[in-house]
Amino acid sequence: MKEFQAFIRKEFYHILRDRRTMLILLGMPVVLIILFGFALSTEVRNINIAILSSGPDHTVRQIAQRLDASEYFTIIGYLDTPSDIDRVMRSSEADAVLVFGQDFSNHIFTPDGAQIQIVADASNTNMAQSYEAYISAVIGQYFQEQMPEGNMAGITPNVIMLYNPQMKSSYNFVPGIMGLILMLICAMMTSIAIVREKETGTMEVLLVSPVKPIYIILSKMTPYFVLSCINLLTILLLAIFVLKVPVEGSMVALIFVSLVYIFTSLALGLLISTVAERQIIAMMVSAMLLMVPTMLLSGMLFPIESMPKLLQFLSNILPATWYISAVRKLMIAGLPAMSALKETIILVGMAIVLLTISMKKFKNRLE
């Protein structure tokens, strides 16, 4: 046991002396969570809107004032003719044009109803859909407030957003970036640390020492486990106090499933180290097999349900998929700890399988 503790201290000293490694380990999580939380926000702001109406209309004016008062919209002016729509859209003066039908106010309660048309630039489909959704929401809210009871039918539904009523993108990105950061830190750094020993020829020296190979591997993993726990704490503090994403569910359950995920990621890093002979290869494997699939297939950026069946199957192989799902349940939705039991069991199973395969291949390659 003393030899095992000595190996752990040696690894800590080795990591702490390497400033570049420490910068990656402790600096990258802060940069990534701030970047994804603020810079890569999916919320659309300052949408430039032009208004086209057949003439002076008090309802049109009130809707325009409501839009202009919102932080999401800026009314750039009123258009005189339909031909002006093409002009302001081509010149990028307006992101969208709101077209009101003839004599809008007087047609609100008629059988045909008042006509409203939203013209948006669909060269970027995601942005165009966001424009339409934001404008429709403001108009719908206006009519709900202004229309007398009994005349609401057919105008707009009453929409309630659960768990994220403000529709903040940080609520979506924080669970995903937690899965990405912990995966990269644990798997990539662990695989590089072991490959570095193999590359310099010191791993064979370690293996002939009185310490068993399993203890050597655990001593390599322990410092990164501790540093990952520090990163986990940092991410949670930034999410809660900077990005204003609360932990609605059990903090204990969230930390527990995070620790299981960290251990799974460490086991995956160990597996990479058994097949890579050079540090650059280990980094390339980590980037290609961990970072890119985690961002694209784990549900971090895109919904898994919208993917083809083959990609859905591949997403289930990624530990990050199950971890992100568990974090969203515990942190965002505030569901009880038992709701994440399935994800936790799967992560434990993955950790056992990865560790077993890694140790078997490690002994076969190095002993």
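For the structure, check the block above.
Basis of the calculations
Residues numbered from 1 in each chain as written. Predicted model: local features only at pLDDT ≥ 70, side-chain atom pairs only at ≥ 80, totals over all residues. Heavy atoms only, no water. Helix = DSSP H or I, 4+ residues; strand = E, 2+ residues; numbered from the N terminus. Axes fitted to C-alpha atoms, helices over the stretch in contact; angles between N-to-C directions. Left-handed = near helix turned anticlockwise from the far one by under 90°. Contact = heavy atoms within 4.5 Å. Nonpolar A, V, L, I, M, F, W, Y, C, P; charged D, E, K, R; others polar. Buried < 20%, exposed > 50% of the residue type's maximum accessible area, 1.4 Å probe, protein only. Pairing = 2+ DSSP bridges. Right-handed = clockwise from strand over helix to strand, strands pointing away. Phe/Tyr/Trp six-rings, centres within 6.5 Å; stacked < 30°, edge-to-face > 60°. Lys NZ or Arg CZ within 6 Å of the ring centre and 35° of its normal. Parallel < 35°, antiparallel > 145°, perpendicular 65-115°, else oblique.

1. Here's the deal with the environment of R90
As for its placement among the helices and strands, R90 is situated in helix α4 (residues 83–90). As for R90 and D121, which are separated by 31 residues in sequence, their C-alpha atoms are 9.2 Å apart.

2. Describing the packing of helix α6 (residues 170–200) against helix α9 (residues 251–275)
As a packed pair, α6 and α9 sit with axes 7 Å apart at the nearest point and diverge in direction by 35°. For the crossing formed where α6 meets α9, the hand is right-handed. For the pair α6 and α9, the contacting residues are M178, G179, L182, M183, C186, A187, T190, S191, I194, V195 and K198 in the first and S258, Y261, I262, S265, L266, L268, G269, L270, I272, S273 and T274 in the second. Of the residues belonging to the contact of α6 with α9, the class tally is 13 nonpolar, 8 polar and 1 charged.

3. Points about the pairing of strand β1 (residues 47–52)
Along β1, 5 of the 6 residues are buried, which leaves the element largely enclosed by surrounding structure. Relative to strand β2 (residues 73–79), β1 runs parallel, the two sharing 6 bridges. Along β2, the bridge assignment pairs A50 with G77. For the segment spanning β1, helix α3 (residues 58–69) and β2, crossover handedness is right-handed.

4. Quick notes on the packing of aromatic side chains
For the coordinates displayed, the defined rule picks out 2 aromatic pairs. With centroids separated by 5.1 Å and ring planes inclined at 75°, the aromatic side chains of Y72 and Y134 adopt a geometry described as edge-to-face. With Y72 in the loop between α3 and β2 and Y134 in helix α5 (residues 125–146), the pair connects residues that are 62 residues apart, well separated along the chain. What makes Y134 partly exposed here is its relative accessible area of 21%. Both rings, one in Y261 and one in Y323, keep their centres 4.2 Å apart while their planes meet at 5°; by these two values the pair is stacked. With Y261 in helix α9 and Y323 in helix α12 (residues 319–332), the pair connects residues that are 62 residues apart, well separated along the chain. We classify Y261 as buried; its relative accessible area is 0%. Taking the ring centre of Y78 as reference, the NZ or CZ of R61 above it sits at 4.4 Å.

5. Observations concerning the packing of α6 against α12
Between α6 and α12, the shortest axis-to-axis distance is 9 Å and the interhelical angle comes to 140°. Considering the angle they form, α6 stands oblique to α12. Crossing of α6 against α12: the hand is right-handed. Counting all contacts with α6, which are made through Y171, N172, V174, P175, G176, M178, G179, L182 and M183, the residues of α12 involved are P319, A320, Y323, I324, V327, R328, M331 and I332. Classifying every residue of the contact of α6 with α12 gives 13 nonpolar, 3 polar and 1 charged.

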